[in-house]
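The residues making up each chain are set out below.
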Amino acid sequence: DSVLSKKELRRRGDLASALACESVTSVIRLSLIELLQLDPTTLPLSPDMPSSRLFIEQSGSLQTMNSTNQTRYAFLREEESVSSTLDMLNLLGRALGARKGALFVDACIADLSDHASLLHSDMSLTGKSQVQWLGRWSGLPVLAGKILAAAFSGDG
């Protein structure tokens, strides 16, 4: 029985190593951020606050929003799609494990930082431009959070 568990651990390590390869994680990140783009039109708006500021501040309470059956993602409209995608992220995070999961999350944060630093000072990030930029990259923090939670869940 202990030989089987050592084999299983080795297989998991091989899978995590393959998934953590930079060329693979780059493709995974770019694909999943497209899927996980938040739909800013589903966020509640306040007349006292610009929508972009509310968008950033509300991102911490998205779980509450999802439980009220409001659309959360731009491209995942059906509850089964959302559930399947979140299950897939959970399995990916568990397959990566804590160490490689942390590296994956670090790469997500680096991507977000890189794209933010590419903005030119003369580029306007207010109004429609800001909503477009936030919409394009809003999937990265969602992806990082889900992978981080699963990688450190201790279930794998």
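Below or above, wherever it landed, is the structure these notes cover. Computed from a predicted model, the values in this text were never measured in an experiment. (Residues numbered from 1 in each chain as written. Predicted model: local features only at pLDDT ≥ 70, side-chain atom pairs only at ≥ 80, totals over all residues. Heavy atoms only, no water.)

## Structural notes on the overall build of the protein chain
Secondary structure summary: the protein chain contains seven helices and zero strands in total. Shown N-terminal to C-terminal, the secondary structure of the protein chain runs as helices and strands in the order α-α-α-α-α-α-α. Looking at the protein chain as a whole, 33% of its 156 residues qualify as buried. Contacts spanning at least 24 positions in sequence make up 75% of the contacts within the protein chain whose residues lie at least 6 apart. Of the roughly 9,500 Å² of accessible surface on the protein chain, 57% is carried by carbon and sulfur atoms. (Helix = DSSP H or I, 4+ residues; strand = E, 2+ residues; numbered from the N terminus. Buried < 20%, exposed > 50% of the residue type's maximum accessible area, 1.4 Å probe, protein only. Contact = heavy atoms within 4.5 Å. Areas by Shrake-Rupley, 256 points an atom, 1.4 Å probe, with all protein chains shown as cover.)

## Some details on the pattern of salt bridges
For the structure shown, the criterion picks out four salt bridges. Notably, a salt bridge pairs Arg-136 with Glu-34, separated by 2.5 Å at the nearest N-O pair. Remark: Glu-34 occurs in helix α2 (residues 22-35) and Arg-136 occurs in helix α6 (residues 128-137); sequence separation between them is 102 residues. Overall, Glu-34 belongs to the partly exposed group, its relative accessible area being 33%. Shared partners join several salt bridges into a network, and the residues in it are Glu-22, Arg-29 and Asp-111. (Salt bridge = Lys/Arg side-chain N within 4 Å of Asp/Glu carboxyl O.)

## Some remarks on the packing of α2 against helix α5 (residues 79-117)
The geometry of a pair of packed helices is captured by two quantities: the angle between their axes and the separation between those axes. Relative orientation of the contacting elements α2 and α5 amounts to 110°, with a least axis distance of 11 Å. What the angle tells us is that α2 and α5 run roughly perpendicular. As for how α2 packs across α5, the hand of that crossing is left-handed. Contact with α2, carried on its side by Thr-25, Ile-28, Arg-29, Leu-32 and Leu-35, involves Thr-85, Met-88, Leu-89, Leu-92, Phe-104, Ala-107, Cys-108 and Asp-111 of α5 and no other residues of that element. Looking at the contact of α2 with α5, its residues break down into nine nonpolar, two polar and two charged. (Axes fitted to C-alpha atoms, helices over the stretch in contact; angles between N-to-C directions. Parallel < 35°, antiparallel > 145°, perpendicular 65-115°, else oblique. Left-handed = near helix turned anticlockwise from the far one by under 90°. Nonpolar A, V, L, I, M, F, W, Y, C, P; charged D, E, K, R; others polar.)

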